[in-house]
Amino acid sequence: MGSGEPNPAGKKKKYLKAALYVGDLDPDVTEDMLYKKFRPAGPLRFTRICRDPVTRSPLGYGYVNFRFPADAEWALNTMNFDFINGKPFRLMWSQPDDRLRKSGVGNIFIKNLDKSIDNRALFYLFSAFGNILSCKVVCDDNGSKGYAYVHFDSLAAANRAIWHMNGVRLNNRQVYVGRFKFPEERAAEVRTKDRATFTNVFVKNFGDNMDDEKLKEIFNRYGPTESVKVIRDASGKSKGFGFVRYETHEAAQKAVLDLHGKSINGKVLYVGRAQKKIERLAELRRRFERLRLREKSRPPGVPIYIKNLDETIDDEKLKEEFSSFGSISRAKVMVEVGQGKGFGVVCFSSFEDATKAVDEMNGRTVGSKPLHVTLGQARRRW
């Protein structure tokens, strides 16, 4: 996507399909209700409510697919923020290719919004600066949380909005409007800044016998503290970690450099800068993404687990023993230093094949040992 002014005649070219995303839907809205709502705008191909693949409960959004792009555009321009089942919905062009959204280009962040500004008001406030792909005021059960996102179809439109709206007073509140930053980027900025100024220190691995006074005595050697707290569970027992807040950054830095890795009462201390909330959340996201990619790399199917394997059984032999029950996507014997550990896993393509294998093979002697075979949990890719 270029950074120049979008071509008005061709700005909808990227949305070749006549499909609209419908967000902020009431949980009771059905496909039939969507159809009846949008049918007056033009002939429809289908409507769809998106649901959780396991529970089948609605996710609060869906799609309306028109026969003709002109009808979809008319609905987008005239029906956005209309009501269905008593709740206003948001419309935007459906974008099968989510690279634009993930790139962050054209996306801006607005904060310090008055709570009276809703999605509709936000849309009309910012539509003067360019074509809006989506806009959303972030809300909880009590209403607006005072910040929002607007995604334009070009960087130029986003820059115009920032230039004209940053610092403007809306409903007597001065709003901040700036470039959207991904959580990892904001966390990195916070980390860089905080390393030069931090006063809060995180301490862990000091055991169960540490209390506030003992911890304070250890850390007061490096400078005056504002607060010292050992974190405890509901029964009052120490969780083995706590926080020390110093009056100065110099004292906090000195404590970290001197105490990290030191042994106290037979315990090796971890002492480091206490992370901000945004840093902790970014780290959790990174861990979740690593787990997701690891899970995605595993073959789909229904696993069965086999224990008490003979030492002579390898991957090929294991697959051969179970192949008569159905299609196998994976057969693996767990090994350690080249030697089988006595257990393994076989993944079948269907639940029926896996249960058949369990019924037939559990207790059967293979090699010199009777097998113990159990059914695992199916992995599905939705």
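Conventions used here
- Residues numbered from 1 in each chain as written.
- Predicted model: local features only at pLDDT ≥ 70, side-chain atom pairs only at ≥ 80, totals over all residues.
- Heavy atoms only, no water.
- Helix = DSSP H or I, 4+ residues; strand = E, 2+ residues; numbered from the N terminus.
- Rg over C-alpha atoms; globule rule 2.2 N^0.38 Å.
- Buried < 20%, exposed > 50% of the residue type's maximum accessible area, 1.4 Å probe, protein only.
- Contact = heavy atoms within 4.5 Å.
- Domains from an automatic or database assignment.
- UniProt positions renumbered as here; feature names shortened; annotations may be inferred.
- Phe/Tyr/Trp six-rings, centres within 6.5 Å; stacked < 30°, edge-to-face > 60°.
- Lys NZ or Arg CZ within 6 Å of the ring centre and 35° of its normal.
- Pairing = 2+ DSSP bridges.

A.B. asks: Account for the overall build of the chain, naming residues and giving values.
C.D. replies: Within the chain one finds 11 helices and 24 strands. Against the globule reference of 21 Å for 382 residues, the chain gives a C-alpha radius of gyration of 29 Å, more extended than a compact globule. In terms of principal-axis extent, the alpha carbons of the chain reach across some 75 × 70 × 40 Å. Counting over 382 residues, the chain shows a buried share of 39%. Taking the contacts inside the chain whose residues are at least 6 apart along the sequence as the reference set, 63% of them involve residues at least 24 apart.

A.B. asks: Account for the domain arrangement of the chain, naming residues and giving values.
C.D. replies: You can read the domains of the chain as domain 1 (19-96), domain 2 (99-180), domain 3 (201-273) and domain 4 (302-375). Domain 3 and domain 4 are separated by 50 Å when their C-alpha centres are compared.

A.B. asks: An account of the UniProt feature "domain: RRM" (unreviewed entry) in the chain is needed here, citing residue identities and associated values.
C.D. replies: Those places that UniProt annotates as "domain: RRM" (unreviewed entry) correspond, in this numbering, to residues 18-96, 106-182, 199-276 and 302-378. From the first C-alpha to the last, residues 106-182 spans 13 Å; its make-up is 25% helix and 42% strand. What you have in residues 199-276 is 24% helix and 38% strand, and the ends, taken at the C-alpha atoms, are 12 Å apart.

A.B. asks: Quick rundown of the packing of aromatic side chains? Include the residues and the values.
C.D. replies: Summed over all chains, the structure comprises 17 aromatic pairs. Judged by centre distance (5.9 Å) and plane angle (70°), the rings of tyrosine 21 and tyrosine 63 are edge-to-face. With a gap of 42 residues between them, tyrosine 21 in strand β1 (residues 19-23) and tyrosine 63 in strand β3 (residues 58-66) connect regions that are remote in the sequence. Ring geometry for tyrosine 147 versus tyrosine 149: centroids 6.2 Å apart, planes at 90°, classification edge-to-face. Accessibility expressed as a relative area gives 28% for tyrosine 149, which makes it partly exposed. In textbook terms, an aromatic cluster arises when at least three aromatic residues are bridged by ring pairs, as seen for Phe109, Tyr147, Tyr149, Phe180 and Phe182. Positioned above the aromatic ring of tyrosine 270, the side-chain terminus of lysine 204 is 5.1 Å from the ring centre.

A.B. asks: Kindly report on the pairing of strand β15 (residues 238-246), identifying the contributing residues and their values.
C.D. replies: Each regular strand displays side chains that alternate between the two surfaces of the sheet. As judged from the 5 bridges shared by strand β13 (residues 200-204) and β15, these two strands associate in the antiparallel manner. Residue asparagine 200 lies in a different strand from β15, and its bridge partner there is arginine 245. Taken together, the 6 bridges between strand β14 (residues 225-232) and β15 define a ladder with antiparallel strand orientation. If you follow lysine 229 over to β15, its bridge partner there is phenylalanine 243. Linking β14 back to β15 in an antiparallel pair, the connection comprises 5 residues, with glycine 236 at a positive phi of about 90°.

A.B. asks: So, unusual backbone geometry: which residues are in play, and what are the values?
C.D. replies: Leaving glycine out, the prevailing phi sign among residues is negative, and the prevailing peptide bond configuration is trans. With a phi angle near 55°, asparagine 171 is a residue other than glycine that sits in the positive phi range. Relative to the assigned elements, asparagine 171 resides in the loop between β10 (169-170) and β11 (173-174). Phi is positive for asparagine 172, which is not a glycine, with a value near 70°. Mapped onto the elements, asparagine 172 comes out in the loop between β10 and β11. Given a relative accessible area of 63%, asparagine 172 falls into the exposed group.

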